[in-house]
Amino acid sequence: MDSLIIRTPDDFHVHLRDGGMLGAVAVFTARQFGRAIVMPNLEPPVITTEQALDYKSRIAAALPAGSAFVPLMTSYLTEDSDSDDIERGFVEGVLTACKLYPAGATTNSSRGVREIEKVYPVLAVMERIGMPLLIHGEVTDPEIDIFDREAVFIERILTKLIAAFPALKIVLEHITTSDGVGFIEASGGNIAATITPHHLEFNRNAMFQGGFRPHFYCLPIAKRESHRLAVRRAATSGSAKFFLGTDSAPHRQGAKESACGCAGVFNAPCALESYAKTFEEENALHHLEAFASVSGATFYGLPLNEGTITLERSGCDIPFTYGEGADAVVPFHAGETLAWKLIS
Ligand code: NCD
Ligand code: ZN
């Protein structure tokens, strides 16, 4: 098989940033996907419906005229979030979901949630109106080893949250562990997970191969090989509980290659090419369309995209950087050639 045509996919987790970076990166996501769930962790974060509407228009302005790409906006939950505003934003179609960042878990999460019970009134409203809660599922307790933070989050926080709100729609974002996979498989139809291309492709050793490699550092951090294999099995299984969310998270090269480098992998330019690589290696290309274009939209209650995209086995060369000088960003697979190429 040398070409693959699938229904236009969606990205259910992306960081499009703001300002100059937004202008530089939005086109890559818009070229690959029909829609994307846009993360609200700007500085300052996107909290209110009005802020989400403003951000949405900045995204539209960053795209070429006539772009059909649809950004799906999210609200960043804080302990002071206004449930009336969130309900209004959802009912009016401005907001698609709310994002829960445990305070301090990742980039720009300092305004996130310290005590989960403080957002229970908002979660009750979301459960009632069918609005999905997207979770960065890592505890922030410094006593917990960084490689255990996802498993401990599930055990300490997520089980409690689900017991309190059994009908709440939840997406456990960017899962990285067999614990995450097992938890999702065992839970009800209102709970699903996204999986990134990078967590499918490398394990934690990639960060230390011959020296420290900051471009493989992201959060949640890559885990040991057995976890990667579990996540690969889940993604390529055909199960509707696991779907595509790239977590493309660009940072300037200088901010990554630093004494205190930022977390994030910029995979937007080659996201579908990367997923196709994994699905082909697992002899599961026939499940790529469900993972990329059907299961996520169905979970969110969105209509499926009408169009198609074509991948061809013609070789996709990835540059070492996008942008110049201080604005350079190093992409996932920098300097490599991937077998599959998105041609339209
Ligand atoms: C993300 C970012 O840079 O905004 N970083 C990352 O490593 N994934 C934040 C996040 O999703 O955790
Ligand atoms: Zn993210």
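Refer to the preceding data block for the structure.
These figures come from a predicted structure and were not determined experimentally.

### Remarks on the coordination of the zinc ion (ligand 2)
Moving on, step 1. At the metal site, the zinc ion (ligand 2) is ligated by H13 (NE2), H15 (NE2) and D247 (OD), and these contacts range over 2.0 Å.
Moving on, step 2. Bound by four donor atoms, the zinc ion (ligand 2) shows angles of 92 to 144 degrees at the metal and therefore irregular coordination geometry.
Moving on, step 3. In primary sequence terms, the donor set of the zinc ion (ligand 2) follows H-x1-H-x231-D. Accessibility assignment for this pair places H13 and H15 in one class, buried.

### Overview of the site of ligand 1
Moving on, step 1. Near ligand 1 you find 15 residues, and of these N41, T106, L219, D247 and H251 are the closest.
Moving on, step 2. In the environment of ligand 1, an oxygen atom lies 3.0 Å from a nitrogen or oxygen atom belonging to the side chain of H15.
Moving on, step 3. R17 is positioned with one of its side-chain polar atoms (N or O) 2.8 Å from an oxygen atom of ligand 1.
Moving on, step 4. Here ligand 1, which alone exposes 320 Å², has 100% of that area covered by the protein.
Moving on, step 5. Tallied by class, residues from the shell around ligand 1 come to four nonpolar, nine polar and two charged.

### Points about the sheet that holds strand β1 (residues 3-7)
Moving on, step 1. In spatial order, the strands read β1-β10-β13; together these three strands make up an open sheet with antiparallel pairing. Single-partner strands in this sheet number two, and they are β1 and β13 (341-342).
Moving on, step 2. In this structure, β1 lies alongside strand β10 (residues 308-312), joined through five bridges in antiparallel fashion. Residue pairing in the sheet places I5 in a bridge with T310 of β10.

Rules used in this analysis
Residues numbered from 1 in each chain as written. Chains lettered and ligands numbered in written order. Predicted model: local features only at pLDDT ≥ 70, side-chain atom pairs only at ≥ 80, totals over all residues. Heavy atoms only, no water. Donors = N, O, S within 2.8 Å, 3.2 Å for Na, K, Ca; no water. Tetrahedral: all angles 85-135°; square planar, octahedral: opposite > 155°, others 65-115°. Buried < 20%, exposed > 50% of the residue type's maximum accessible area, 1.4 Å probe, protein only. Near = heavy atom within 4 Å. Polar contact = N/O pair within 3.5 Å; in protein donor to acceptor, adjacent residues only side chain to side chain. Areas by Shrake-Rupley, 256 points an atom, 1.4 Å probe, with all protein chains shown as cover. Nonpolar A, V, L, I, M, F, W, Y, C, P; charged D, E, K, R; others polar. Pairing = 2+ DSSP bridges. Helix = DSSP H or I, 4+ residues; strand = E, 2+ residues; numbered from the N terminus.

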